[in-house]
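Structure at a glance
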Amino acid sequence: MSLPDSRVDLAIVGAGPTGLFAAYYAGFRGLSTAVIDSLPEAGGQVTAMYPEKMIYDVAGFPAVRGRDLVNALVEQAAQWKPTYLLGRKAEGLDYLDDGLEVTLDGGDVLRAGAVLITAGIGEFTPRPLPAGDGWLGRGMVHFVPSLRAHEGQDVVVVGGGDSAFDWVLALHPIARSVTLVHRRARFRAVESIVRQARELGVRIITDAEVTELRDNGDGALGEITVEVKGGEKLVLPAQSVIAALGFTADLGPIENWGLEIDHRAISVDSTMATAKPRVYAAGDVAAYPGKVKLIATGFGEAATAVNNIAVALDPDAHLFPGHSSNAE
Ligand SMILES: Cc1cc2nc3c(=O)[nH]c(=O)nc-3n(C[C@H](O)[C@H](O)[C@H](O)COP(=O)(O)OP(=O)(O)OC[C@H]3O[C@@H](n4cnc5c(N)ncnc54)[C@H](O)[C@@H]3O)c2cc1C
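Keep in mind that this is a model prediction, so the values were computed, not measured.

**Examining the overall build of the protein**
A count of helices and strands for the protein gives 6 helices and 22 strands. Taking the principal axes of its C-alpha atoms as reference, the protein extends roughly 70 × 40 × 35 Å. In the protein, which comprises 328 residues, the proportion classed as buried is 40%. Within the protein, counting contacts between residues at least 6 apart in sequence, those at least 24 apart form 60% of the total.

Next comes the structure, spelled out in structure tokens:
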């Protein structure tokens, strides 16, 4: 799709699980679709934060790896050829005589008959590792898109939450060494995974901070300095530092789209419609009494939203889509 001068029936803001399933569903309803995401890859929180973890509560899958679920959603949607606008942030929303327009970063405009916001918790920004400034992508990472990239490495994980311990446990079998550094004595992570890491003999350094990252002479990360409370300094080999310090999430420009915002989410009715005509929301970003933020919930909401959008765009259309099992 060349922007500007492009128009689709439905613009979906957010390519997480909810947006991807909505893209499938929109195609099933005969709607042309563009899916916008500020991240360079589809999959939302799953791809960014836990692609290698197993998920156990997606209907029909006793267990599915995050990455595999996202790949399957992309494949399912692909039959209807949605356009992906990845690495593009949706910044503005305005009405036209015959629909809406979404303004993207850089000023490009996408016109659409309706807009479905599946922006999850918004844009998420990892909390920085102060000493790691300048090392991002050169040995320091915030997420682990591929465990294999750390095979045979000395890995230092910084943080004390579930994600930090998840990476420790996942990398322990394949890395040369895994060390966890945490600035407090207590952990936020659940006790069982802390115990598991200890039982595996993972080196855990508490009350300590990474104060310096140094290269190995070739520009790549080689070692780090850790300062322990009381003044002791440790030098550790490290080809990889994973800064798992949590993240901040922000709905950003969407908060200025004139929607009703409730605790950093968008209020919707039972059709997933927002307070603005032809603007719908589904998934983690949609708020209503009793809301439960789960992948499974987002899937159901995507189907409800798209079927109602089909009727909003064509009042002669049926709300009930028919059964996909009857489709050719
Ligand atoms: C560590 C962890 C483990 C989890 N485990 C489970 C589990 O086992 N089971 C379960 O059901 N749920 C789990 N969840 C929650 C689950 O990941 C979320 O409920 C799900 O990802 C919500 O999907 P979504 O598509 O609504 O939003 P998201 O996955 O958040 O996707 C929203 C997308 O919108 C994009 N976006 C936001 N604003 C803009 C904008 N202005 N312009 C362009 N793009 C934008 C974001 O970049 C993001 O890619 C877990 C979450 C985490 C963090």
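**Description of the nonpolar core**
Most often, soluble globular proteins keep nonpolar side chains buried together rather than apart. Counting residues in each nonpolar core, the largest one holds 59 residues, and the members touching the most others are Leu-10, Ala-11, Ala-22, Val-115, Leu-116, Ile-117 and Tyr-280. Element by element, the count of residues in this core is highest for helix 1 (residues 17-28), at 8 residues. When near neighbours in sequence (up to four residues on either side) are disregarded, Ala-11 contacts Ala-34, Ile-36, Val-102, Leu-110, Ala-112 and Val-115. Among the nonpolar cores identified, the runner-up in size contains 34 residues, and Val-141, Trp-167, Val-178 and Ala-197 belong to it.

**Description of the site of the ligand**
Neighbouring residues of the ligand: 37 residues in total, closest Gly-14, Gly-16, Gly-44, Gly-120 and Gly-283. Listing elements by their share of the shell around the ligand, those giving two or more residues are helix 1, strand 2 (33-37), helix 2 (44-49) and helix 6 (295-313). When residues of the shell around the ligand are assigned to their parent elements, the largest contribution, 4 residues, is made by helix 2. Taken together, the residues that form the shell around the ligand break down as 17 nonpolar, 14 polar and 6 charged.

**Side note on the sheet that holds strand 13 (residues 203-205)**
In space, the 5 strands of this open sheet follow the order 10-17-11-12-13, with parallel pairing throughout. Sheet topology places strand 10 (140-141) and strand 13 at the edges, where each strand pairs with a single neighbour. Taken together, the 4 bridges between strand 11 (residues 154-158) and strand 17 (residues 240-243) define a ladder with parallel strand orientation. Within strand 17, the residue paired with Val-155 across the bridge is Ser-240.

**What to know about the sheet that holds strand 16 (residues 233-237)**
The 3 strands are arranged 14-15-16 in an open sheet whose pairing can be described as antiparallel. Each end of this open sheet is capped by a strand with a single partner; those strands are strand 14 (208-215) and strand 16. Put simply, the sheet's adjacent strands are angled 25 degrees from each other on average, direction ignored. Pairing of strand 14 with strand 15 (residues 221-228) involves 7 bridges; the strand directions are antiparallel. Each residue of the ladder has a partner; that of Glu-209, found in strand 15, is Glu-227.

**Quick look at the environment of Glu-260**
You can see Glu-260 is positioned in the loop between strand 18 (247-250) and strand 19 (261-262). According to the C-beta neighbour criterion, Glu-260 is exposed, with 12 such atoms within 10 Å. Between the C-alpha atoms of Glu-260 and Lys-276, which are 16 residues apart in sequence, the distance is 8.9 Å. Sequence-distant contacts of Glu-260, that is, excluding residues within four places in its chain, are made with Ile-266, Ser-267, Thr-274 and Ala-275.

**Digging into unusual backbone geometry**
Both trends apply: most residues other than glycine have a negative phi, and most peptide bonds are in trans. Phi at His-263 takes a positive value of approximately 50 degrees, unusual for a residue other than glycine. Among the structural elements, His-263 can be located in the loop between strand 19 and strand 20 (265-267).

**Overview of helix 3 (residues 66-78)**
Over its 13 residues, helix 3 runs 18 Å from end to end, which matches the ideal 18 Å to within 8%, given 1.5 Å per residue. Listed in full, the buried residues belonging to helix 3 are Gly-66, Leu-69, Val-70, Leu-73 and Ala-77. Projected down its long axis, helix 3 carries its buried residues within an arc of 95 degrees, all on one side. Facing away from the buried side of helix 3 by more than 90 degrees, the exposed set consists of Glu-75 and Ala-78.

**Focus on the domain arrangement of the protein**
Assigned domains of the protein: these are domain 1 (6-124 + 248-326) and domain 2 (128-245). Facing the 5 residues of domain 1 at the interface are 7 residues of domain 2. Of the residues contributing to the side of domain 1 that touches domain 2, the split by class is 3 nonpolar, no polar and 2 charged.

**Considerations on the UniProt feature "binding site: FAD" (unreviewed entry) in the protein**
The residues that UniProt annotates with the feature "binding site: FAD" (unreviewed entry) are Thr-18, Asp-37, Gln-45, Tyr-50, Ala-90, Phe-124, Asp-284 and Ser-325. A maximum C-alpha distance of 37.2 Å shows the annotated residues, which cover 308 residues in sequence, to be distributed over more than one spot. Following the sequence through the fold, Asp-37 ends up in strand 2. The exposure class assigned to Asp-37 is buried, which follows from the 28 C-beta atoms found within 10 Å. Once residues within four sequence positions are removed from consideration, Asp-37 is found in contact with Gly-14, Ala-15, Ala-42 and Leu-86. Note that Gln-45 resides in helix 2. By the C-beta count within 10 Å, which is 18 here, Gln-45 ends up partly exposed. With near-sequence residues (within four places) excluded, Gln-45 lies in contact with Gly-16 and Gly-120.

Definitions and cut-offs
Residues numbered from 1 in each chain as written. Predicted model: local features only at pLDDT ≥ 70, side-chain atom pairs only at ≥ 80, totals over all residues. Helix = DSSP H or I, 4+ residues; strand = E, 2+ residues; numbered from the N terminus. Buried ≥ 20, exposed ≤ 12 C-beta atoms within 10 Å, placed from the backbone. Contact = placed C-beta atoms within 7 Å. Core = buried A, V, L, I, M, F, W, Y, C linked by C-beta atoms within 7 Å. Near = placed C-beta within 6 Å. Nonpolar A, V, L, I, M, F, W, Y, C, P; charged D, E, K, R; others polar. Pairing = 2+ DSSP bridges. Axes fitted to C-alpha atoms, helices over the stretch in contact; angles between N-to-C directions. Expected span 1.5 Å × (residues − 1). Arc of directions from axis to C-beta. Domains from an automatic or database assignment. UniProt positions renumbered as here; feature names shortened; annotations may be inferred.

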